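In case you want the letters, here they are:
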Amino acid sequence: MAKGLCLLLTSTIQVDHPEFHRATGRNDPKLRLSDCVTALDAWLTQQASVQDIVFVDNSGHPLDALREIAERRSSAGKRVEFISFRTTGYSKEKGRSYGELDILDEALRKSELLGEATSFAKVNGRVFVPNFDRIVRAIASDFDVVGRLSHNLTWLGTVLVLFRKEIFARRILPFALHHVDDASRNPIERVLARACLHAIADGCRWYPFPVEPRFQGVRGLDDRPYPAGWLRARLMDFFAWGHHRALDVSSSSAKSHPRDRWAARSK
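Report on the accompanying structure.

A few words on helix α6 (residues 165-179). Its 15 residues place the ends of α6 20 Å apart at the C-alpha level, agreeing with the 21 Å of an ideal helix rising 1.5 Å per residue. Among the residues making up α6, those that are buried are K165, I167, F168, I172, L173, F175 and A176. Those residues of α6 that are buried are in contact with α3 (95-110), α4 (112-116), β4 (119-124), β5 (145-146), β8 (160-164) and α7 (188-201).

One pass over the structure, following the stated rule, counts 18 salt bridges. For R26, the salt bridge goes to D223, with nearest N and O atoms at 2.6 Å. Residue R26 is located in the loop between β1 (5-11) and α1 (29-45), and its partner D223 is located in the loop between β9 (206-207) and α8 (230-247); the two are separated by 197 residues in the primary sequence. The class for R26 is buried, based on a relative accessible area of 12%. Take D223: its relative accessible area is 35%, and that puts it in the partly exposed class. For R148, the salt bridge goes to E212, with nearest N and O atoms at 2.4 Å. Of the two residues, R148 is situated in the loop between β5 and β6 (149-150) and E212 in the loop between β9 and α8; the sequence distance between them amounts to 64 residues.

So, about the environment of K78. Tracing the backbone shows K78 in the loop between α2 (64-72) and β3 (79-84). Between the C-alpha atoms of K78 and A48, which are 30 residues apart in sequence, the distance is 9.2 Å. When residues no more than four places from it in sequence are discounted, the contact partners of K78 are W43, L44, Q47, V50, Q51 and I53. For K78, the side chain forms a polar contact with the main-chain oxygen of Q47, separated by 3.0 Å.

Another point: the sheet that holds β8. The strand order across the open sheet formed by 7 strands is β3-β2-β1-β4-β8-β5-β9, and the pairing between neighbours is mixed. Both outer strands of the open sheet, β3 and β9, are each paired with one neighbouring strand and no more. Note that β5 and β9 share 2 bridges and pair parallel. When the bridges of β9 are listed, V146 appears paired with Y207.

Moving on, we come to the pairing of β1. For β1, the tally of buried residues reaches 7 of 7 residues, placing the bulk of the element in the interior. Judged by which residues are buried, β1 turns out to be covered on both faces: L5, L7, L9 and S11 on one side and C6, L8 and T10 on the other are all buried. Note that β1 and β4 share 6 bridges and pair parallel. Of the residues in β4, the one forming a bridge with L5 is S119. The sheet contact formed by β1 and strand β2 (residues 52-57) spans 6 bridges and is parallel.

Right, let's talk about the packing of aromatic side chains for a bit. If you walk through the whole model with that rule in mind, you get 7 aromatic pairs. Between W43 and F132, the aromatic rings sit 5.1 Å apart at their centres with planes inclined by 90 degrees, giving edge-to-face as the arrangement. With a gap of 89 residues between them, W43 in helix α1 and F132 in helix α5 (residues 132-138) connect regions that are remote in the sequence. Here W43 falls in the buried class, since its relative accessible area comes to 0%. Classification of F132 by relative accessible area gives buried; the value is 0%. Grouping aromatic residues by their ring pairs yields a cluster made of W43, F128 and F132. Here R164 stacks its cationic end above the ring of F143, 5.2 Å away from the centre of that ring.

Quick notes on the rules
- In every chain, residue numbers begin from 1 and rise along the written sequence.
- For a predicted model such as this one, the threshold for reporting local features is a pLDDT of at least 70, and the threshold for listing and counting side-chain atom pairs is 80 or more; totals across whole chains, interfaces and linings nevertheless cover every residue.
- Side-chain metrics rest on all non-hydrogen atoms present in the structure, leaving aside hydrogens and water.
- Counting from the N terminus, the helices are the DSSP runs of H or I reaching at least four residues and the strands are the DSSP runs of E reaching at least two.
- Take the residue count of a helix, subtract one, and multiply by 1.5 Å to get its expected span.
- With a 1.4 Å probe rolled over the protein chains alone, any residue whose accessible area is under 20% of its type maximum counts as buried; one over 50% counts as exposed, and the rest are partly exposed.
- Any two residues whose heavy atoms approach within 4.5 Å at even a single point are treated as in contact.
- A carboxyl oxygen of Asp or Glu within 4 Å of a side-chain nitrogen of Lys or Arg is what we treat as a salt bridge.
- Under the rule applied, a polar contact is a pair of N or O atoms within 3.5 Å (in protein, one hydrogen donor and one hydrogen acceptor; residues adjacent in sequence only if both atoms are side-chain atoms).
- Here a strand pair is declared whenever DSSP counts at least two bridges between the two strands.
- Stacked, tilted and edge-to-face are the three classes assigned to paired rings of Phe, Tyr and Trp, where Trp is represented by its six-membered ring and a pair needs centres within 6.5 Å; plane angles under 30 degrees give stacked, over 60 edge-to-face, the rest tilted.
- Placement of a positive charge over a ring is assigned whenever Lys NZ or Arg CZ falls within 6 Å of the ring centre and within 35 degrees of the normal to the ring plane.

In C-alpha cells form, the structure reads like this:
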C-alpha cells in the first residue's frame, strides 16, 4: 500500500534546550547526527516500499552531512527533502513533546513531498526499521492510524506510527498540540493516544502493526540500543498475528475494517 505514502523522519540533533537535555541521554550532537546519517543511508538503500522521504530537524542544526548522503545515494531513485528550523515557544510544561509535535506541524505546512502524499509514516530520524517493507506490504489500505496502542490504550508509540494525512492534520495534531503537557504527565505519546481514541470513536480506522517493527538505533532517553532480542521479536510477531486474527483483519484478502462489517450487520 506504499502508493501515496511518505516517510517522515524527525530529529533533534542539537539538544541544547534544557527541555530536551537528559542527564543520562544521548546528548552529543555529533553522535546524534551520526545516528541520523547511518539511518538515512539505510532508508535510501535498504527499503523499497517508499520513494519519498522528508527529514525534519527542529534544532536548527545544519543538515549538510545528510544532504551529502542523499546525493551519494541518488541512484536509488528516491526523492528526499530536508527541513531544518528552530522550535520556539518551549515551556517547562510543554517540554520535549511540544518540540516533536512542532516538527509534525512544520512538516505539514512546509514540505512539498508531504503535501503530495495521502499518508505518512512518522519515524524517529535516528532509527532504521529493517522490516519496514514487510510492514507496509501487510497494512490494510483503508487505515487512518497504524501503531502500537499500549498501557490500556493510553500510550501510542511514536518511534514508528503511520497516519492518514488528512485525519492527522484535521483531528489528531490540533488535539495533541492543545493538550500536550510533559509536566503534568501528558507527553506526546499519551496525547496522541487520546486523540486517536477520539478519532476512532468518530469512525476512524485504527490497525495494530501486522508484524512487530524491528528498530535499529540508539535510544535518546538512555543512550542504549533498542531491544533486538530474537525471542522477544518472535513473541511480538505472534501477538500481532493474534491481534489481527481476533479483529478478523487481513489486508491480503482485502477485508474491510471491522467497524464497517459491524455496521453492515446491524442494517
